[in-house]
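Remarks on the overall topology
Next come the chains, spelled out residue by residue.
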Amino acid sequence: MRVEAMKSEAALGSGNKVGERLRFSLEKRLAGKGHLSLADVASFCEALSLFVYAGQEGSGEAGLEALEESACALFESGVTGHELADALLDAAENASAAREGEVTFNRDFLRAQAAIMRAMERAERGKREEMERRLAEIDGFPETIAATLDPPTLKRMGLERLKEITGAREACLFRYEERGIYARDIEISGVCPGERMVLEGRAEIVLTREKGAYLGADGEPPGVLIDGKRADLPGRLFLPLVVRGRTTGLVMLERGPGEAVLGADALRIARRFADRMAVALENAGLHSREQRKIREMLALLELTRAINSTLDLEEILERVARMSVDLCGVRECVVYLKDAGGGYYQPAARHGFLSGDGEEGPRFLRPGDLGGECLRCLEDGKHELVGVVEAEAMFPRHALLEHGVGKVLLHPLSSRERLNGILVLCYPSSRDKGPDRDELELIAAIAAQASMAIENASLYEDIERSYYSTIRALARAIEVKDPYTHGHSERVTEYALIIAEAMHLDEREKQKLKYAATLHDIGKIGIAGRVLNKPGALTEEEYSHVKTHPLLGDSIIEPVEFLQEPRPIILHHHERYDGKGYPDGLKGEDIPLSARILSVADAFEAMRSDRPYRRALPLAEAVEELKRNAGTQFDPRVVRVFLSVLEAYGGDPVNR
């Protein structure tokens, strides 16, 4: 019994000495590993001591399992196999073992080494599996996080993930501008040190040419400058965003100066993620640009459709102003038109901050206000970008400054090498460089459409004046035959257009009504003069003859192409609201609205003018006649509108 006890004590002593020596050796060798847990070291040393003791007692299997678990914990905390093997050899060589237990000790020591190697293999396998899992997550980044294809959201989420991978406290993204130069794009969790990044020396080689990661350090010449100050400081990591061999941006990650050095695995994952992030951002950017192009094309198509469907230049130019603000992100857009005399430019449409209530609007411009060089540039068909001081000729300076305007773009509206107007766009201070190339192309397209509308409006006005001169010449042919109707068509036209304006008819309807009112009695050319000028009452036969004049008028203008739209108004202006009129006996809403308006205007003018058979009626009697016949001869709604117009004018607005 005494011998066995002595053997056990010797074994225990050997185990304890090995454990103490190993603890000392491990702590000495691994002192630089800031992330290593001393509790893990103590646990391993205790497990080794117990294993040596248990081996002497013949029950070492449980101790071996505990030893393997504690070794695995050491490996997971960052201890390498070489470091642990060296510490074990050092402990074994310096531990004193009982002579009689030396063979057993060496055998158990070899078994312990085998357990440690198995633990190391388990730890390495676990690391590989974790690496594969994280890499799989990263490879799925574009399909999961980037599903929205929203660049700002994608950038923020990407930076957050990189912070998580690297343990960084702050992250900032810079977009590529030109070789070696980057501009700040977005930041999270901190304030980026500046706006403009420049790469030099080793940093430029690593990040731009080699497309690798770059770590800041004090001991090297500065390679990253932000707004002229050194940025590659200890704790900062720079990762390039690369798509198909092309650098599209850089990520700067800020880690604490005292934090542990980023491990090779974490750096590998961060670089892999940066590559996936770059691809996702490229796709999102392409999608965003395509969506923008689609919106621009649809807007331009809508503008083209508007130009082709309306004669109202003011409406078209208001659309131009709204479109420019919506698509270009400017504070204000003003469309200036050159006046007919050519002496100045006047605001014809505007949209933005100066359009609000209480704001002082854009000013009239004389050619000299722009300056000779600027005016020559516009006359040559080129745009001009000016500052707030130069733009004071168009806007009050205080209004520009209050609304954050930094630059003002002037784009010519020209046709046939003649400057007809100016498209003015006010850019915010954050965009002091003004529009980029794509935006300039869009502005040029908008300006081309606006110029076309201005030119079309000018040509249309010329044609309309020519047509209307022809129409008035035809109307005068009637007045030569019937002197009592001198000026009748012109006055009827004025009344009709006043009613149309009060009823908010569009420009095209008002134009048709204008032509129809001027020519409504053209058919009287075919009525005998003795009937038209008869001083007394007409016989039934004569009245039937007079009632043919709408049909005669319709047949006269039938061959004239540009008068096809006014024809129904001329044909039906003697229809009655109760259906007892002529020539077709139409009733109520079946009669064209413009014909119902013309009916009221024609009857009122006739009552207010002298005729061969009576004198003109006073205004009050004419008004009473309209009221009495509302709902029978006349559309009651048209009568109500006309009476409100007379009240607003304080009497007869035409025949005073």
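Coordinates for the structure precede this section.
Quick summary incoming for the structure in this document.

Re the overall build of the protein chain
Per the secondary structure count, the protein chain includes 22 helices and 13 strands. Counting only residues that meet the buried cut, the protein chain has 45% of its 656 residues in that class. Of the contacts made within the protein chain by residues no fewer than 6 positions apart, 62% connect residues no fewer than 24 positions apart. Counting every atom, the protein chain has about 33200 Å² of accessible surface; 51% of that belongs to carbon and sulfur.

A few points about the nonpolar core
Ranked by size, the top nonpolar core spans 40 residues in total, and within it Ile499, Ile597, Val600, Phe604, Leu626 and Phe642 carry the most contacts. For this core, the element with the most residues is helix H20 (residues 593-607), which contributes 8 residues. Setting aside anything within four residues of it in sequence, one finds Phe604 in contact with Tyr495, Leu619, Ala622, Leu626, Phe642, Leu646 and Asp652. If you look at the next biggest cluster of nonpolar residues, it comprises 28 residues, including Leu313, Leu317, Ala321 and Leu327.

With respect to the side chain of His573
In this structure, His573 sits in the loop between helix H19 (567-571) and H20. Of note is the side chain of His573, whose polar atom sits 2.7 Å from the backbone oxygen of Ile570. With sequence-adjacent residues up to four places away left out, His573 is seen in contact with His520, Asp521, His549, Pro550, Ala595, Leu598, Ser599 and Asp602.

Quick notes on the packing of aromatic side chains
Tallied over the full model, the rule gives 6 aromatic pairs. Residues Tyr214 and Phe238 carry aromatic rings whose centres are separated by 6.2 Å and whose planes lie at 45° to one another, so their mutual orientation is tilted. Within this pair, whereas Tyr214 is found in strand E4 (residues 214-215), its partner Phe238 is found in strand E7 (residues 236-243), the two being separated by 24 residues in sequence. Here the two residues Tyr214 and Phe238 agree in accessibility, since each one is buried.

A few points about helix H11 (residues 372-379)
By the burial criterion, the buried members of H11 are Cys374, Leu375, Cys377 and Leu378. For H11, the arc enclosing every buried residue in end-on projection is 160°, short of the 170-degree limit, so these residues lie on one face. Turned more than 90 degrees off the buried face of H11, the exposed positions are Glu373 and Arg376. Of the surrounding secondary structure, the elements contacted by the buried residues of H11 are strand E11 (384-387), strand E12 (405-415) and strand E13 (418-428). Looking one or two residues beyond H11, the residue adopting positive phi is Gly381, at roughly 85°.

So, the sheet that holds strand E6 (residues 229-230)
What holds strands together in a sheet is hydrogen bonding between their backbones, with the strands either parallel or antiparallel. Sheet architecture is open: 8 strands sit in the order E4-E7-E8-E1-E2-E3-E5-E6, paired in antiparallel fashion. At either margin of the open sheet sits one strand with a lone partner, and together these are E4 and E6. When E7 meets strand E8 (residues 246-254), the two strands line up antiparallel, connected through 8 bridges. Pairing of Arg236 across the sheet is with Glu254, part of E8.

Considering helix H14 (residues 488-502)
Relative to the 21 Å expected for 15 residues at 1.5 Å per residue, H14 spans 21 Å between its end C-alpha atoms, a close match to the ideal helical length. All of the buried residues in H14 are His488, Ser489, Val492, Thr493, Tyr495, Ala496, Ile498, Ile499 and Ala500.

What to know about the pairing of strand E9 (residues 332-338)
On any regular strand, side chains alternate: one points to one face of the sheet, the next to the other face. The element E9 is largely enclosed, with a buried count of 6 among its 7 residues. Here E9 pairs with strand E10 (residues 345-352) via 7 bridges, running antiparallel. Along E10, the bridge assignment pairs Val334 with Arg350.

Points about the pattern of salt bridges
This structure, assessed with the given rule, holds 27 salt bridges. Close ionic contact of Lys512 with Glu509 constitutes a salt bridge, the shortest N to O distance being 2.7 Å. In this pair, Lys512 and Glu509 both sit in helix H15 (residues 507-519), 3 residues apart, roughly one turn of the helix. Each member of the salt-bridge network shares a partner with another, and the members are Arg179, Glu204 and Arg209.

Things to note about the sheet that holds E9
What the 5 strands build is an open sheet, ordered E10-E9-E13-E12-E11; its pairing is antiparallel. With partners counted over all chains shown, the strands left at the sheet margins are E10 and E11, one partner each. With direction set aside, neighbouring strand axes in the sheet form an average angle of 20°.

Some thoughts on unusual backbone geometry
Here the bond from Tyr582 into Pro583 is cis, since omega is 10°, no more than 30 degrees from zero. For Pro583, the position within the fold is in the loop between H19 and H20. The backbone of Asp227 sits at a positive phi, close to 50°, despite the residue not being glycine. A positive phi angle, near 50°, is found at Arg244, a position not held by glycine. Counting through the fold element by element, Arg244 comes out in the loop between E7 and E8. Relative accessible area serves as the criterion here: at 70%, Arg244 is assigned to the exposed category.

Describing the packing of H15 against H20
Relative orientation of the contacting elements H15 and H20 amounts to 45°, with a least axis distance of 10 Å. Taken together, the axis directions place H15 and H20 in an arrangement best described as oblique. Here H15 runs over H20; the crossing is right-handed. Packed against H15, whose contacting residues are Glu509, Leu513, Ala516 and Ala517, the element H20 presents Ser594, Ile597 and Leu598 at the interface.

Some thoughts on a nonpolar patch on the surface
A cluster of nonpolar side chains, Ile294, Leu298 and Leu301, forms an exposed patch at the surface whose accessible area comes to about 280 Å². Its place among the elements puts Leu298 in helix H9 (residues 264-309).

Section: the environment of Leu74
Along the chain, Leu74 turns up in helix H3 (residues 60-76). Using a relative accessible area of 0% as the deciding quantity, one classes Leu74 as buried.

A word on the packing of H14 against H15
The angle between the axes and the distance between the axes are what describe a pair of packed helices. Contact geometry of H14 with H15 gives a least axis separation of 8 Å together with a crossing angle of 155°. It follows that H14 is roughly antiparallel to H15 by the angle criterion. The two elements H14 and H15 meet at a crossing, and its hand is right-handed. Every residue of H15 that contacts H14 at Ser489, Val492, Thr493, Ala496, Leu497, Ala500 and Glu501 is listed here: Lys510, Leu513, Lys514, Ala517 and Thr518. A class-by-class count of the residues in the contact of H14 with H15 yields 6 nonpolar, 3 polar and 3 charged.

Regarding the side chain of Ser415
Within the element layout of this structure, Ser415 appears in strand E12. On the basis of relative accessible area, Ser415 is assigned to the buried category, the value being 10%. One polar contact links Ser415 to Asn420, side chain to side chain, over a distance of 2.7 Å. A distance of 2.7 Å separates the side chain of Ser415 from the side chain of Glu455, its partner in a polar contact.

Conventions we followed
Residues numbered from 1 in each chain as written. Predicted model: local features only at pLDDT ≥ 70, side-chain atom pairs only at ≥ 80, totals over all residues. Heavy atoms only, no water. Helix = DSSP H or I, 4+ residues; strand = E, 2+ residues; numbered from the N terminus. Buried < 20%, exposed > 50% of the residue type's maximum accessible area, 1.4 Å probe, protein only. Contact = heavy atoms within 4.5 Å. Areas by Shrake-Rupley, 256 points an atom, 1.4 Å probe, with all protein chains shown as cover. Core = buried A, V, L, I, M, F, W, Y, C linked by side-chain atoms within 4.5 Å. Polar contact = N/O pair within 3.5 Å; in protein donor to acceptor, adjacent residues only side chain to side chain. Phe/Tyr/Trp six-rings, centres within 6.5 Å; stacked < 30°, edge-to-face > 60°. Arc of directions from axis to C-beta. Pairing = 2+ DSSP bridges. Expected span 1.5 Å × (residues − 1). Salt bridge = Lys/Arg side-chain N within 4 Å of Asp/Glu carboxyl O. Axes fitted to C-alpha atoms, helices over the stretch in contact; angles between N-to-C directions. Parallel < 35°, antiparallel > 145°, perpendicular 65-115°, else oblique. Left-handed = near helix turned anticlockwise from the far one by under 90°. Patch = residues over 30% accessible without salt bridge, like charges linked within 9 Å, V, L, I, M, F, W, Y side chains within 5 Å. Nonpolar A, V, L, I, M, F, W, Y, C, P; charged D, E, K, R; others polar.

Coordinates in, geometry out; function isn't part of it.
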